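Observations on chain architecture
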Amino acid sequence: MDLVEAAAANGNRHPWELSRRDAVLGLLAGRGRLRDVADVGAGDRFFASSLRALAPDAIYAVDVHYEETGMMDGVHVVRDIADLPDAGFDCIVMMDVLEHVEDEATLLPAVRRKLRPGGTALVTVPAFQHLFLAHDRYLKHFRRYRRRQLLDVLERHGLHVEESFYFYASLFAWRSLEAALSRVVGEFEPRGIGDWRFGPRHPLTVLIRAVLDLDYRVCRALTRRGLAVPGLSLCAVCKNTSA
């Protein structure tokens, strides 16, 4: 969870957050054994803590907004990616981070330096600039991405994209409707995922999470068969090609 939203969180996890966590963990599990993983832009460390099942050696959570650093609940907490060891990681995850950076060239070269040769960078970003609304401004986003745009910037900085796909087509449809309505009646007040009122076993949480899980799997499967469908989010799995 972004720290902007975490500040007002009530302790419940939004089904979108739960589904996205499971999707990314599944992608990483398919990459084989991971020794060291860094979650850059880790926010409240929910995902970083979830990584311990995949990478038992060392998990790092990096976020410039942390007030305290050190070992916390089995996770190394640091503020600056520069504090990570060079070529020290099998995998670096950036979940909805690049849109917060005014110029990607300030971050991506550092990410590549911290990856071992052949290491994995897994990136998710919000998709489609025409869906940039009040919620994006609330979270201090600079942009949303199209697939080609994201691939170009990653490849330009030495991260070879092995797989990329949009996901959450159902949320794309919902956000598109919101964007259309906002042009008529004005934008709606932004609400963060920290406002979710229901626990993980509540029927509504379970239902929405199941729908999003299915949505993710269908979007990825269709893309792998050459039929890319638009989604609210975009994922890229990259390999560090430096020697």
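As a starting point, this report considers the structure included with it. (Residues numbered from 1 in each chain as written. Predicted model: local features only at pLDDT ≥ 70, side-chain atom pairs only at ≥ 80, totals over all residues. Heavy atoms only, no water.)

**Considerations on unusual backbone geometry**
Backbone geometry places F128, a non-glycine residue, at a positive phi of 75°. With respect to the helices and strands, the residue F128 is situated in the loop between β6 (115-126) and α5 (134-138). On the accessibility criterion, F128 (5% relative accessible area) is buried. The phi dihedral of K140 is positive, around 65°, even though this residue is not glycine. Within the secondary structure, K140 is located in the loop between α5 and α6 (147-156). Among the residues examined, K140 registers a relative accessible area of 58% and is labelled exposed. (Helix = DSSP H or I, 4+ residues; strand = E, 2+ residues; numbered from the N terminus. Buried < 20%, exposed > 50% of the residue type's maximum accessible area, 1.4 Å probe, protein only.)

**A look at the pattern of salt bridges**
Pairing of side chains with opposite charge becomes possible as their charged atoms draw close. In total, this model carries 16 salt bridges according to the counting rule given. Across the pair D22 and R21 runs a salt bridge whose closest N-O atoms are separated by 3.1 Å. Assessed through its relative accessible area of 28%, D22 is described here as partly exposed. D152 is the salt-bridge partner of R148, the closest N and O atoms lying 3.0 Å from each other. Placement of the pair is R148 and D152 together in helix α6, with a separation of 4 residues, close to one helical turn. We classify R148 as exposed; its relative accessible area is 52%. (Salt bridge = Lys/Arg side-chain N within 4 Å of Asp/Glu carboxyl O.)

**Considerations on the pairing of strand β4 (residues 75-78)**
Taken residue by residue, a regular strand's side chains alternate between the two faces of the sheet. Across 3 bridges, the pairing between strand β2 (residues 58-62) and β4 is parallel. For V62, the partnering residue across the bridge sits in β4 and is V78. Taking the residues that link successive antiparallel strands as the turn, the strand β3 (residues 70-72)-β4 hairpin has 2 residues, and the phi of D73 there is positive, at about 55°. (Pairing = 2+ DSSP bridges.)

**A short note on helix α2 (residues 15-29)**
Helix length check: α2, at 15 residues, gives a terminal C-alpha distance of 21 Å against a target of 21 Å (1.5 Å per residue), a fit within 8%. With 12 of 15 residues buried, α2 lies mostly within the body of the structure. The complete set of buried residues in α2 reads P15, W16, E17, L18, S19, R20, R21, A23, V24, L25, L27 and L28. (Expected span 1.5 Å × (residues − 1).)

Distances and angles like these do not, on their own, reveal function.
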